[in-house]
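Letter by letter, the chains look like this.
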Amino acid sequence: MVIPSGEPRLRTEKPLASGRDRLEMCVAALNDLPNDLQEKVVVNDVEIQRKGPTYAIETINQLRAFNPRDTFTLILGSDAAAKFEQWYRADALRKIVSILVVKRPGDAESKFEEVAIKALDISATSIRDAFAQKKSAAELVSPSVLTYIKEHKLYGSK
């Protein structure tokens, strides 16, 4: 399940793309996956629907109410894992989910379990920076996401 964040509490500035835009980019990215993978992943707008700052623990509790027998694994990038202790009710969240970190090349090890995949060294910041510097982002995002960004003139794209 992919859950784009609503209003992230730890962001110092307002996100450049709205929650609705982030949701649509997630859907677009999944549409670019092979069909067998598309069937295994779903995008959930639970945080986009919520007003005000969104907290992972509230999202997990909401999902648990509808799926009481399921276990949840929170998959984070290295950057998010490095700030985990700053998250709202981090200790309580750690008690109700497993945490798995996708480590970017060159990032320090986290204190959580890490998944060994060939992770691309791409971040949302690097994507925004490419657009800000008028560089191509074609190698950073899927074709459908790139089209969405350009059509909606996000991140200074034209």
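For the structure itself, consult the block above.
Worth saying up front: this structure is predicted, and the values here are computed from it rather than measured.

Calculation rules
Note that residues are indexed from 1 along each chain, following the sequence as it is written. The predicted nature of this model means local features are confined to residues of pLDDT at least 70 and side-chain atom pairs, given and counted, to a pLDDT of 80 or more, with totals for whole chains, interfaces and linings taken over all residues. Water and hydrogen atoms play no part in the side-chain values, which are based on all heavy atoms of the structure. For this document, the term salt bridge refers to a Lys or Arg side-chain nitrogen within 4 Å of an Asp or Glu carboxyl oxygen. Counting from the N terminus, the helices are the DSSP runs of H or I reaching at least four residues and the strands are the DSSP runs of E reaching at least two. Burial here depends on accessible area, computed with a 1.4 Å probe over protein chains only, as a share of the maximum for the residue type. Under 20% is buried, over 50% is exposed, and the range in between is partly exposed. What the arc describes is the spread of directions from the helix axis to the C-beta atoms. Whether two residues are in contact is decided by their heavy atoms, any of which lying within 4.5 Å being enough. A fitted line through C-alpha atoms represents every axis, and for helices the fit uses only the stretch in contact; the resulting angles, taken between N-to-C directions, go from 0 to 180 degrees. Just so you know how the angles are binned, under 35 degrees is roughly parallel, over 145 roughly antiparallel, 65 to 115 roughly perpendicular, and the rest oblique. In this scheme the crossing of two helices becomes right-handed for a clockwise turn of the near helix relative to the far one and left-handed for an anticlockwise turn of less than a right angle. Only centres within 6.5 Å qualify two rings of Phe, Tyr or Trp (six-membered ring in Trp) as a pair; their planes then separate them into stacked at under 30 degrees, edge-to-face at over 60, and tilted for everything else. Only when DSSP finds a minimum of two bridges between them are two strands counted as paired.

Novice: Outline the pattern of salt bridges, supporting the account with residue identities and numerical values.
Specialist: Following the criterion strictly, the structure yields three salt bridges and no others. Of the charged contacts, one joins Lys-111 and Glu-85 as a salt bridge, the two residues approaching to 2.6 Å between their closest N and O atoms. A residue pair is termed long-range when its members are at least 10 positions apart, and Lys-111 in the loop between β2 (98–102) and β3 (113–115) and Glu-85 in the loop between α5 (78–82) and α6 (90–96) qualify at 26 residues. Take Lys-111: its relative accessible area is 57%, and that puts it in the exposed class. Salt-bridge contacts for Asp-91 lead to Arg-94; the nearest nitrogen and oxygen are separated by 3.3 Å. One end of the pair, Asp-91, and the other, Arg-94, are both in helix α6, three residues apart, so they sit about a helical turn from each other. Note on Arg-94: relative accessible area 30%, which makes it partly exposed. Each of the salt bridges in this network shares a partner with another, and the network as a whole consists of Glu-85, Asp-91, Arg-94 and Lys-111.

Novice: Outline helix α4 (residues 56–66), listing residues and values.
Specialist: Buried within α4 are the following residues: Ala-56, Ile-57, Thr-59, Ile-60 and Leu-63. One side of α4 holds all its buried residues, which, seen down the axis, span an arc of 160°. Seen from the open side of α4, the exposed residues pointing more than 90 degrees away from its buried face are Ala-65 and Phe-66. Elements in contact with the buried residues of α4: α3 (46–49) and α6.

Novice: Give me the lowdown on the environment of Ser-126, citing residues and values where you can.
Specialist: Residue placement: Ser-126 occurs in helix α7 (residues 124–132). Classification of Ser-126 as partly exposed rests on a relative accessible area of 26%.

Novice: Would you mind going over the packing of helix α1 (residues 19–31) against helix α8 (residues 143–151) in detail, with residue names and values included?
Specialist: Where α1 meets α8, the closest approach of the two axes is 7 Å, and the angle between their N-to-C directions is 150°. With respect to their mutual orientation, α1 and α8 come out roughly antiparallel. The two elements α1 and α8 meet at a crossing, and its hand is right-handed. Of α8, the residues touching α1 (which contributes Arg-20, Asp-21, Glu-24, Met-25, Ala-28 and Ala-29) are Ser-144, Val-145, Tyr-148 and Ile-149.

Novice: Residues and numbers for the packing of aromatic side chains, please.
Specialist: Taken as a whole, this structure holds four aromatic pairs when the rule is applied. Between Phe-84 and Phe-112, the ring centres sit 5.2 Å apart and the planes meet at 80°, which makes this aromatic pair edge-to-face. With Phe-84 in the loop between α5 and α6 and Phe-112 in the loop between β2 and β3, this residue pair connects regions lying 28 residues apart in the sequence. The residues Phe-84 and Phe-112 share a single accessibility class, namely buried. Linked through ring pairs, Phe-84, Trp-87 and Phe-112 together constitute an aromatic cluster.

Novice: Could you give me a rundown of the sheet that holds strand β1 (residues 73–77), with the residues and numbers involved?
Specialist: Sheet architecture is open: three strands sit in the order β1-β2-β3, paired in parallel fashion. In the strand order of this sheet, the two ends are held by β1 and β3, each with one partner. The average undirected angle you get between the axes of adjacent strands in this sheet is 35°. In this sheet, β3 lies alongside β2 in parallel orientation, the contact comprising three bridges. By the bridge assignment for β3, Val-102 is matched with Val-115.

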